[in-house]
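Here are the chains, one letter per residue:
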Amino acid sequence: MAKFISAKEAAALIHDGASIGVAGMGLSGFPEEVVCAIRDRFKETGHPKNLELHQGSAMGDWGVGNSFDGWDKNPRAVPLGPEAGVRGLSRLGEAGPGLVAKWTGAHVGSAYALRDLAVSNQLESWCLPQGVAVSLWREIAAGRPGMLTKVGLGTFVDPRLEGGRMNECTKEPVAELVSFGGEEYLFYKSFPLDVALLRGTVSDENGNISFMNEGILNEGLSVASAAHNSGGIVIVQVEYITKNDTIPPKDVKIPGILVDYVVEATDPMACWQTEGRYFEPAFSGQIRRPLKAIPALPLSERKVIARRCAAEVKAGCVLNLGVGMSADVGNILAEEGCIDKVTMCCESGMIGGVPCALPNFGSSYNPEAVLEHNSIFDIISGGGLDMTCLGMGECDEEGNVNVSKFGPRLTGPGGFIDITNATPKVVFCGTFMGKAKLSVGDGKLTIVQEGKVRKMVKAVEQVTFAGKYIKPGQDVLYVTERCVMRLIDGKMTVTEIAPGIDLEKDILANVDFPLAVSPDLKLMDEGMFREKWGGLDKVFG
C-alpha cells in the first residue's frame, strides 16, 4: 500500500546515480513540487548526485511569459516575472552541474537550465524519437531487451551519423544499427529504472491515481510499470487525496499496486495543467468550448503558409499538426468553416477537437478521445495518419530537414521522426528566409527587406528528416510563403511560386545549392494573399 509523504521526504529517497523516469508534456504530468525538493536537497547536501534522467517529450515552459493563444483569459494563466522560463525540468538545472550526469529525451529544448549544462558539456545528453522514447517504457516493464524499429534510420539518431548525441562529451550512441531479416533496423536497448517521478490529479488511500483534471494521460502507467518491475520506486505527486472506493475503477490510470509513495502538493501552483493554463476544463473534457471562440489569424506570411498547407487537406482526413507555425493550420480550417470535415490529432494522445499551439501544445480544446501517449504512437507508427504538417527549421539539397539542433540551441526531434517515417502525406512548412520583412496583401507578397538568415542550405546541421528515406508513394511537400517545393528525381524542385515574387532574385539567389524549377511551374492561389480566402470550398466542396 502506498505511503503518503512530503516532497522533502520523497527527495530523500533518491540515491546517488539513480536512473529516473518522468512522464508528460510541457507541464502536464510534471511533479513540480517533488522536483523542486530534489533540487533543494542537492543544493543543501550535495545529494542525490549524478542522476540519469529519462524523459519523452518536452518538459518545461519555454519561458512563455505572458503569451496566450487566444482563449487564455484566466488571470491565473502563465506566471510572470522570475517564474517564467524555469518551471519543469529546468528546476534540476538550477542546481548547477553535478545533480544530473546523463540526460536522455525526445525533446530537451524547453528545459533551459539543463540545456545550458548540456551545451557546456557538463552532462551527457542524447535525443531519440518521441514515439520510441515513450514506447520503450513498455519494453522495460515487460522485461524485454529493447525496441527494434526502422524509426530513426538516416536521421541524426542513426549511429552512422550522430547516434543521437547532442554534445561533444557524449560518446555512446543511443541506438545500435542491426540487420534483421535482411533489412536494416535500429535497436534501442532497455535499461533498469530506479525511480518513476509522476503526477496525477487525485489519489485514493490505496494510491490509485486518477487523471481527472489532466489534459493529457501521458505515459505514466508505463513508466510506473517500468520502475516497479525493475525493483525501483514509484512516486506520484497529486493535487487531492480522496477516500477509497470513490474513484470509478475505469478512471484509475495508475493502479495503487504500482505506487509506493504519494505526495499531496502543498502549493496548487505545482500542478499546472499546461505551461499556459493552470486549469482549462475544455482540455480535460469537463466542458466543450464554442468553436466560434477560435480567433482568426492576422494576415501575414505565416497565415499564407498555413493556408497553403490547409489546401493539401482532404475531407475525412486524419491530420496531425506539429508545434509552432504548423499548428496554425487548425485556425485556418476553423476560419474556413471546415473544422468538422477533418479529424485533427496530436502526438500527446489527443484525437478530435482543436489542437493547441504553445503555450498549451499537447492539449486540445474539445477532444473526442484522449489516449495514452504511447498508444497514439502505435497508431502513428503503423501508418494510421493520413497527413501531417510539421515545421521546417532548415532544409538542404537532399530534402533533409532540421528542427532539432541549431548551434548551441539544442531542441531534439519530439515526435517529428516517428510521424514523418510512417505518414503517407508529409507537409513541411516555414518561412523561406529568416528575419525577412514581408508585406502581404492585394493578392501578392512583397519583400520589404530581404532576410539575413538562409534556411535553404547546402547541408543541414542535423538531419531530423532524411530525404533519401522517403518511402515509395509517400508525398512530401516543402511549403514557404514564397514558393512550394518537392523532391523530384532526387532534386529539390520549385513547383509553385507566390504572386509578386521574382523567381531568380527572391528564390534562386537565396539558396545555397542549385534549386531545380519545374517546367510546369504554377502560381500560388492569389486568394491566399488577401484578407478573405474561401479557398477550401474547392477542396471540401
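Residues numbered from 1 in each chain as written. Predicted model: local features only at pLDDT ≥ 70, side-chain atom pairs only at ≥ 80, totals over all residues. Heavy atoms only, no water.

Engineer: Hey, could you run me through the pairing of strand β34 (residues 483-488) in this one?
Structural biologist: In summary, the side chains of a regular strand alternate between the two faces of the sheet. Both strand β33 (residues 475-479) and β34 contribute to a ladder of three bridges, which runs antiparallel. By the bridge assignment for β34, L477 is matched with R486. Connecting the antiparallel pair β33 and β34 is a turn made up of three residues. Here six bridges tie β34 to strand β35 (residues 491-497), and the two strands are oriented antiparallel to one another. (Pairing = 2+ DSSP bridges. Helix = DSSP H or I, 4+ residues; strand = E, 2+ residues; numbered from the N terminus.)

Engineer: It is not clear to me how the side chain of S225 should be interpreted in this structure. Could you clarify?
Structural biologist: Positionally, S225 belongs in helix α6 (residues 220-229). Relative accessible area serves as the criterion here: at 16%, S225 is assigned to the buried category. (Buried < 20%, exposed > 50% of the residue type's maximum accessible area, 1.4 Å probe, protein only.)

Engineer: Hey, could you run me through the pattern of salt bridges in this one?
Structural biologist: Pairs may arise between side chains of opposite charge once their charged atoms sit close together. Counting across every chain of the model gives 29 salt bridges. R308 serves as the salt-bridge partner of E312, at 2.8 Å between the closest nitrogen and oxygen. The two residues E312 and R308 agree in class, both being buried. The partner of E526 in a salt bridge is R530, and the shortest N-O contact between them spans 3.4 Å. (Salt bridge = Lys/Arg side-chain N within 4 Å of Asp/Glu carboxyl O.)

Engineer: What should I look at first to understand the packing of helix α5 (residues 130-141) against α6 in this one?
Structural biologist: In a packed pair of helices, the relevant descriptors are the angle between the two axes and the axis-to-axis distance. Between α5 and α6, whose axes approach to 8 Å, the crossing angle comes to 35°. Considering how the two elements wind past one another, α5 and α6 form a crossing that is left-handed. Each of W137, R138, I140 and A141 in α5 lies in contact with α6, whose residues at this interface are S222, V223, S225, A226 and N229. Each residue belonging to the contact of α5 with α6 can be placed in one class, and the counts come to five nonpolar, three polar and one charged. (Axes fitted to C-alpha atoms, helices over the stretch in contact; angles between N-to-C directions. Left-handed = near helix turned anticlockwise from the far one by under 90°. Contact = heavy atoms within 4.5 Å. Nonpolar A, V, L, I, M, F, W, Y, C, P; charged D, E, K, R; others polar.)

Engineer: Would you mind showing me how to read helix α9 (residues 328-335) here?
Structural biologist: The element α9 is extensively covered by neighbouring structure, given that six of its eight residues are classed as buried. The complete set of buried residues in α9 reads D328, V329, G330, N331, I332 and L333. Backbone geometry just downstream of α9 places G337 in the positive-phi region, at approximately 75°.

Engineer: It is not clear to me how the confidence of the model for the protein should be interpreted in this structure. Could you clarify?
Structural biologist: The predicted coordinates should not be examined in detail at positions where pLDDT is low. Mean pLDDT over the protein works out to 92, with 95% of the residues at or above the 70 mark. pLDDT under 50 marks residues 64-84. Its contacts with residues more than four places away, or in other chains, come to 51 contacts. (pLDDT = per-residue confidence, 0-100.)

Engineer: Hey, could you run me through unusual backbone geometry in this one?
Structural biologist: Note: most residues except glycine have negative phi, and most peptide bonds are trans. For the bond running from H47 to P48, omega is -5°, close enough to zero to count as cis. Within the secondary structure, P48 is located in the loop between α2 (32-45) and β3 (51-54). The phi torsion at N121 lies on the positive side, around 60°, for a residue other than glycine. Here N121 shows up in the loop between α4 (112-119) and β5 (124-127). Despite not being glycine, D245 has its phi angle at roughly 65°, a positive value. With respect to the secondary-structure elements, D245 resides in the loop between β13 (240-242) and β14 (252-254). A residue is classified by how much of its surface remains accessible, and D245, at 79% relative accessible area, is exposed.

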